Amino acid sequence: LFKNMNIENNILNIGGLKVTDLAKKYTTPLYVMDINFIEERIKEFKDNFKSKHFKTEIIYASKAFLCKGMCKIIKNMDTHMDAVSGGELYLIKHSNFDMQKVHMHGNNKTYDELLMCFEYNIGCIIIDNYDEARKIVDIAKLKNKKMKVMIRVNVGIDAHTHEYIKTSKHNSKFGVSVYSKQLNEIIHLILKCNLLEFLGFQCHIGSQIFEKEAFLEEIKILIIESKKIENIFGIKIRELDIGGGFGVYYTSEDKPIPIKIFMEFLISTTEKILAEEQMSIEKLYIEPGRSIIANAGCTIYSIGGIKETYGGTKYIFVDGGMSDNIRPCLYQAKYEAIVANRASEDRVQKVTVAGKCCESGDVLIKDYLLQKCEVGDFLVIFSTGAYGYSMASNYNKIPRPAVIFIKDGKDFLAIKRESYDDLIKLDINY
Ligand code: LLP
């Protein structure tokens, strides 16, 4: 159990509230986010990602989970945030977030999205490629507006994570290779435009990473190549952004590095390599998403049926599935669960938790030891806070669940449950 959870009278409590009460109050499926947990996590990052030699900043990777309420939390914690689309920018803007603290990512930002960055006066655009750099120069001139920019570079590192979430191998679609001619061409373009302010390089080597060594490699390459660029162009690389991807606990197979140790490692590694290369920077950024939000969230489902197949699989059917958590299907991601109203009972049966989508692959947990359960019981799947709601879909016209926040022992709605009307509101009757 996570530290914000406990069991009382056989019932699971989250942030001091009974899961059974929450399920009855809001109905299921229901995403639950513990705000105190998120705030503690961010504080842990902030307290430990600090250096005497340069400034540091945490950028929350909003793709992991984004809503107006989340923006409020990030704002209260005085943290930066990234965006990767016009939609994310729009939501962030409409939650009264300080747009100067927004960093815009993406490998194919459209002209309109780039325009939006200028109109919203965001903090920084991370340029992915040459064509994008040209568009940015055009817009800056057209609007006669300044913009801070970084360049996303690819350092060619193979962090041992799932193929789909690796991002910095040499053939990745993201960024430009630190070793390529294109990089110099982009820098030329930026330096020629006096409306653009070139801060430095950004890199992200992947997600759900448990190896410190991958970051060491990344930082080393970033600093060495930055120094080369400084010499070639006679400029100063002032800021580096080493991305996110810090691995978290989903099941006992995952052995996350404690944040304090991870952050101290990143700082000391950066300081050491900077010293070795006789280089200095003004600021270092990281971009954690999952490691801030994954363990803060869970999903409550109702069990609607139990079926034992001829082949011997015992299915537990829940009232959600791949529509609210695509990760098991997409990445073979594993999760842990509990029968929330029988939480202190022994785990006595091996089950497969399946969703309600019309798809054999709609399985949330396979061959998993669970408490005995009955129709009408509540199943909680842990650590669904990251890339759960944000990757949810309306497949089979299933409405997206509600999201509730828990803070200081109180629950409140953060995102409403979709209605059937929401599902058909864009359809045209012709
Ligand atoms: N920065 C950049 C540029 C990124 O592309 C990402 C994630 C992050 C930061 C945050 O990474 P995190 O700290 O959350 O690992 N949907 C996948 C993960 C995709 C990650 C995409 N980029 C999943 O559910 O596992």
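Residues numbered from 1 in each chain as written. Predicted model: local features only at pLDDT ≥ 70, side-chain atom pairs only at ≥ 80, totals over all residues.

Visitor: Is there a simple way to think about the overall build of the protein in this case?
Guide: Counting its secondary structure elements, the protein contains 12 helices and 21 strands. The long-range fraction of contacts in the protein, counting pairs at least 24 apart against all pairs at least 6 apart in sequence, stands at 70%. (Helix = DSSP H or I, 4+ residues; strand = E, 2+ residues; numbered from the N terminus. Contact = placed C-beta atoms within 7 Å.)

Visitor: Please explain the pairing of strand β6 (residues 80–83) as it appears in this structure.
Guide: Successive residues of a regular strand alternate their side chains across the two faces of the sheet. Two strands pair when backbone bridges link them, and strand β5 (residues 55–61) and β6 are joined in this way by three bridges, in the parallel orientation. Residue pairing for β6: A61 is matched across the bridge by D82. Summarising the sheet, β6 and strand β7 (residues 102–104) pair through three bridges and their orientation is parallel. The residue of β7 that forms the bridge with A83 is M104. (Pairing = 2+ DSSP bridges.)

Visitor: Sorry, what's going on with the environment of L216 here?
Guide: Tracing the backbone through its elements, the reader meets L216 in helix α8 (residues 212–233). Considering only alpha carbons, one finds L216 and I273, 57 residues apart in sequence, at a separation of 9.3 Å.

Visitor: What should I look at first to understand the domain arrangement of the protein in this one?
Guide: One frequent convention defines the size of an interface as the accessible area lost when the parts assemble. We note that the domain assignment places domain 1 (5–33 + 295–424) and domain 2 (35–293) within the protein. Relative placement of domain 1 and domain 2: their C-alpha centres are 33 Å apart. Of all the elements, strand β20 (residues 402–407) adds the most residues to the side of domain 1 that touches domain 2, at four residues. When its residues are assigned to classes, the side of domain 1 that touches domain 2 shows 14 nonpolar, six polar and four charged. (Domains from an automatic or database assignment. Nonpolar A, V, L, I, M, F, W, Y, C, P; charged D, E, K, R; others polar.)

Visitor: Got a minute to help me understand the environment of I267 in this structure?
Guide: With respect to the helices and strands, the residue I267 is situated in helix α9 (residues 259–276). By the C-beta count within 10 Å, which is 20 here, I267 ends up buried. Between the C-alpha atom of I267 and that of E225, which follows or precedes it by 42 residues, the distance is 18 Å. (Buried ≥ 20, exposed ≤ 12 C-beta atoms within 10 Å, placed from the backbone.)

Visitor: What should I look at first to understand the site of the ligand in this one?
Guide: Around the ligand, 22 residues are found, and the nearest of them are A61, S207, G244, G289 and Y387. Listed by contribution, the elements that provide at least two residues to the shell around the ligand are α10 (290–293) and α11 (327–331). Residue composition of the shell around the ligand, grouped by class: nine nonpolar, 10 polar and three charged. Inspection of the shell around the ligand shows a minimum of three residues originating in each of domain 1 (5–33 + 295–424) and domain 2 (35–293). (Near = placed C-beta within 6 Å.)

Visitor: Help me understand the environment of I127, please; the structure alone is not making it clear to me.
Guide: Its location among the elements puts I127 in strand β8 (residues 124–127). For I127, a count of 29 C-beta atoms within 10 Å gives the class buried. A C-alpha to C-alpha distance of 4.7 Å links I127 and I151, two positions 24 residues apart in sequence. Sequence-distant contacts of I127, defined by excluding residues within four places in its chain, comprise E132, A133, I136, V149, M150, I151, R152 and I186.

Visitor: Looking at this model, I keep getting lost on the UniProt feature "binding site: substrate" (unreviewed entry) in the protein. Mind explaining?
Guide: The sites that UniProt annotates as "binding site: substrate" (unreviewed entry) are R290, R327, Y331, E359 and Y387. These annotated residues cover 98 residues of sequence, and their C-alpha atoms sit far apart, with the largest distance between any two at 27.1 Å. Mapped onto the elements of the fold, R290 is located in helix α10. Look at R290 and you get buried, because 24 C-beta atoms sit within 10 Å. Contacts of R290, omitting those with residues within four sequence positions, involve A64, S207, Q208, V248, A386 and Y387. (UniProt positions renumbered as here; feature names shortened; annotations may be inferred.)

Visitor: Sorry if this is basic, but what is going on with helix α7 (residues 181–192) here?
Guide: Since the α-helix packs 3.6 residues into each turn, any two residues three or four apart lie on the same face. Here α7 spans 17 Å end to end across 12 residues, near enough to the 16 Å set by a 1.5 Å rise per residue. On its buried face, α7 sits against β8, α6 (130–143), β9 (147–154), β10 (176–177) and β11 (196–202). (Expected span 1.5 Å × (residues − 1).)

Visitor: Where do I start with the confidence of the model for the protein in this structure?
Guide: Predicted coordinates in regions of low pLDDT should not be interpreted in detail. Across the protein, the average pLDDT comes to 96, with 98% of residues at or above 70. Both scores are given for the predicted complex: the pTM is 0.97, the ipTM 0.99. (pLDDT = per-residue confidence, 0-100.)

Visitor: How do you make sense of the sheet that holds strand β1 (residues 5–8) when you look at a structure like this?
Guide: Neighbouring strands of a sheet are bound in pairs by backbone hydrogen bonds; such pairs are parallel or else antiparallel. The strand order across the open sheet built from three strands is β1-β2-β3, with neighbouring strands paired in antiparallel fashion. If you trace the sheet from one side to the other, it starts and ends with β1 and β3 (17–18), each paired once.

Visitor: Help me out: how do you make sense of the nonpolar core in this one?
Guide: Soluble, globular proteins show a tendency: their nonpolar side chains are buried together. Residues V149, L379 and V380 are the most contacted members of the largest nonpolar core, which totals 126 residues. Examining the composition of this core, we find that seven residues originate from one element, α8, more than from any other. Looking at which domains feed residues into this core, each of domain 1 (5–33 + 295–424) and domain 2 (35–293) supplies at least three. (Core = buried A, V, L, I, M, F, W, Y, C linked by C-beta atoms within 7 Å.)

Visitor: Looking at this structure, I do not really get the pairing of strand β17 (residues 347–354). What am I missing?
Guide: In this sheet, β17 lies alongside strand β15 (residues 314–318) in parallel orientation, the contact comprising three bridges. Bridge pairing in β17 links F317 to A354. Direction of pairing for β17 relative to strand β18 (residues 363–371): antiparallel, over a ladder of six bridges. Across the sheet, the residue bridging to K350 is L369, located in β18.

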